[in-house]
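Residue-level structure breakdown
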Amino acid sequence: MTKNEMIEKVVESTELSKKDVATVIDATLNEIKEAIKSGDKINFVGFGSFEPKTNKARTGINPATKEKIQISESQSVKFKVSKTFKDYLN
């Protein structure tokens, strides 16, 4: 599902305008990104949690040349589904 498809689904299930729904979704996603960037964990009860994760620097191999390369430390996001959501899916 794309963001636009999600917006359409929310518009259908509420009495909000497409513009209002798009604004709320954009603002929510931006707040989640900012919180994670600053090191905070986001928890949506009944859905799951997002938290920042640091991937350590490591040595890798370039698959084209088989040459060893150094991969620098990077930031990522870890998502853990809640038990309630997992039970709903199963």
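These numbers were taken from a predicted model, which means no experiment stands behind them.

1. With respect to the pattern of salt bridges
Pairing between side chains of opposite charge can happen when the charged atoms of each approach one another. Counting across every chain of the model gives three salt bridges. The salt bridge partner of lysine 18 is glutamate 8, with a shortest N-O separation of 2.9 Å. In this pair, lysine 18 is assigned in helix 2 (residues 18-37) and glutamate 8 in helix 1 (residues 3-13), connecting sequence segments ten residues apart. Judged by its relative accessible area of 47%, lysine 18 is partly exposed. On the basis of relative accessibility, which here comes to 32%, the residue glutamate 8 falls in the partly exposed class.

2. Some thoughts on the packing of aromatic side chains
For the structure shown, the criterion picks out six aromatic pairs. Aromatic pair phenylalanine 50 and phenylalanine 79: ring centres 4.8 Å apart, planes at 50°, arrangement tilted. With phenylalanine 50 in strand 2 (residues 48-55) and phenylalanine 79 in strand 5 (residues 74-81), this pair connects stretches of sequence that are 29 residues apart. The class of phenylalanine 50 is partly exposed, set by a relative accessible area of 21%.

3. Some remarks on the environment of asparagine 4
Within the fold, asparagine 4 resides in helix 1. Owing to a relative accessible area of 54%, asparagine 4 belongs among the exposed residues under this scheme. Through-space distance from the C-alpha of asparagine 4 to that of alanine 22 is 8.2 Å; in sequence the pair is 18 residues apart.

4. Details of unusual backbone geometry
Of note, the phi angle at lysine 66 is positive, near 60°, even though the residue is not glycine. Inspection of the secondary structure assignment puts lysine 66 in the loop between strand 3 (58-61) and strand 4 (68-71). For lysine 66, a relative accessible area of 61% translates into the label exposed.

Rules and cut-offs
- Residues numbered from 1 in each chain as written.
- Predicted model: local features only at pLDDT ≥ 70, side-chain atom pairs only at ≥ 80, totals over all residues.
- Heavy atoms only, no water.
- Salt bridge = Lys/Arg side-chain N within 4 Å of Asp/Glu carboxyl O.
- Helix = DSSP H or I, 4+ residues; strand = E, 2+ residues; numbered from the N terminus.
- Buried < 20%, exposed > 50% of the residue type's maximum accessible area, 1.4 Å probe, protein only.
- Phe/Tyr/Trp six-rings, centres within 6.5 Å; stacked < 30°, edge-to-face > 60°.

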